[in-house]
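# Analysis of the macromolecular model
Below are the chains, spelled out letter by letter.
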Amino acid sequence: MHVSSGRWLLGLGLALTTAVLWGLLPIKLKPVLASMDPITVTWYRLISAGLVLLVWLAARKRLPSFRKLDGRYWLLAVAIIGLVLNYVAYLMGLKRLSAGTTQLVIQLAPIFLLLGSVVIYREEFSRAQQIGLLVLLTGFALFFNQRWVELLTSLTQYTAGILIMVFAALTWAFYGLAQKQLLTQWSSVQIMMVIYLGCASLLTPWAEPAQLLELNTVQLWLLLACCLNTLVAYGAFAEALAHWQASRVSATLAVTPLITFACAAVGSLIWPLWITAEPLNVLAYTGAALVALGSAQTALDFRRVLQNRRLKRELKLAQLQSEKGAH
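Computed from a predicted model, the values in this text were never measured in an experiment.

Parameters and conventions
Sequence order as written defines the numbering, with residues in each chain counted from 1. In keeping with the predicted nature of the model, local features appear solely for residues at pLDDT of at least 70, side-chain atom pairs appear and are counted solely at 80 or more, and the whole-chain, interface and lining totals rest on all residues. Side-chain calculation: all heavy atoms of the structure are included, whereas hydrogens and water are not. Going along the chain from the N terminus, every DSSP run of H or I of four or more residues is numbered as a helix, and every run of E of two or more is numbered as a strand. Three labels apply to residues, based on accessible area from a 1.4 Å probe with only protein chains included: buried if under 20% of the type maximum, exposed if over 50%, partly exposed otherwise in between. Two residues qualify as a contact provided that any one of their heavy atoms is within 4.5 Å of a heavy atom in the partner residue. The accessible surface values rely on the Shrake-Rupley method and a 1.4 Å probe; as for residues, cover is taken only from the protein chains in view. Between N or O atoms, a polar contact is any pair within 3.5 Å; within protein, one atom must be a potential hydrogen donor and the other a potential acceptor, and residues adjacent in sequence are included only when both atoms are from side chains. Whenever a carboxyl oxygen of Asp or Glu lies within 4 Å of a side-chain nitrogen of Lys or Arg, that contact is scored as a salt bridge. Here a helix's expected span is defined as the number of its residues, less one, multiplied by 1.5 Å.

## A word on the overall build of the chain
When helices and strands are counted, the chain shows 14 helices and zero strands. Helices and strands appear in the chain in the N-to-C order α-α-α-α-α-α-α-α-α-α-α-α-α-α. Expressed as a percentage of its 327 residues, the buried residues of the chain come to 46%. Put simply, of all contacts in the chain between residues at least 6 apart along the chain, 85% involve residues at least 24 apart. Accessible area for the chain stands at about 17000 Å²; split by element, carbon and sulfur atoms hold 68% of it.

This is the structure:
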């Protein structure tokens, strides 16, 4: 079992870096989608990230061995299909929604992953996590207070976008559940290299790389930033897990949609031609905050954190008593 280094301040900084990069991602992607279809955008992001990881692993002579899978190729297939559907569906939803709404709805992904882990891996779902889930659902109810009639009575672009984002969150959970098992055979970097290149291969017949020529200078830079985001954000996330507990990293990442809302609001004032902020009332912003809070509580599980702290204190006390006895 992996044990964090204990450098929590570094872990917090890396987790916040990931949150900022993921929070900015939909804002950067939306202008690109005006001239490039979701499949082609996804293909560029995946092929660039996969090739960089391939070169890096080859240089370090750490390319994955498929023999280690021991016949579990179906897990790899589930992970690849799940992630490629997630990436494409995410962009399809983003074309119909604002960046903030997109990032808020995708918060369902770790919740679906948690529920899947409870059903498949029989993991514990504590009362604190149940309360967190209730807070999150209450937040969604408040966030959509201006749109409930539209969501429940007609299939508009907005409604379709919400449904597509829920599907994107669900497919990410399938990817996450499969990757969790693959970690017993490969390292996380090896898994991502194979999955990125596998996803890009699946999309190649439908991708149109020549659309790159239709982008203007701003869109080209934004596409490059999105490709780098795929690598840097994941690298910061993986490194954060090396120095801090996974539950606390996940809880920190729950602020991602709030970062998106804040950046979209500021960006719309500075670059109104490229960035638009969704008009929300006080209830909607309150709901967004509750979604972040509920997601953090569900990920963190405060009861387990307190139990771990108590156990550490008891172990330290026992060690001190043992040292006194030895003298």
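## Here we look at the side chain of Q103
Among the structural elements, Q103 can be located in helix α4 (residues 99-105). When its relative accessible area of 6% is taken as the criterion, Q103 is described as buried. At 2.5 Å, the side chain of Q103 forms a polar contact with the backbone oxygen of W22. At 3.4 Å, the side chain of Q103 forms a polar contact with the side chain of Y90. Sequence-distant contacts of Q103, that is, excluding residues within four places in its chain, are made with W22, G23, P26, Y90, T256, P257 and T260.

## Observations regarding the pattern of salt bridges
Any two side chains of opposite charge can pair, on the condition that their charged atoms come close. Evaluation of the coordinates by the stated rule reveals one salt bridge. For R147, the salt bridge identified is with E150, shortest N-O distance 2.8 Å. For R147, a relative accessible area of 28% gives the class partly exposed.

## Some thoughts on helix α13 (residues 282-300)
The end-to-end C-alpha distance of α13, which contains 19 residues, comes to 27 Å, matching closely the 27 Å that a straight helix rising 1.5 Å per residue would cover. Along α13, the residues classified as buried are A284, G287, A288, V291, A292, G294, S295, A296, Q297, T298 and L300. Sitting at the head of α13, N281 places a side-chain oxygen 3.3 Å from the backbone nitrogen of L283.

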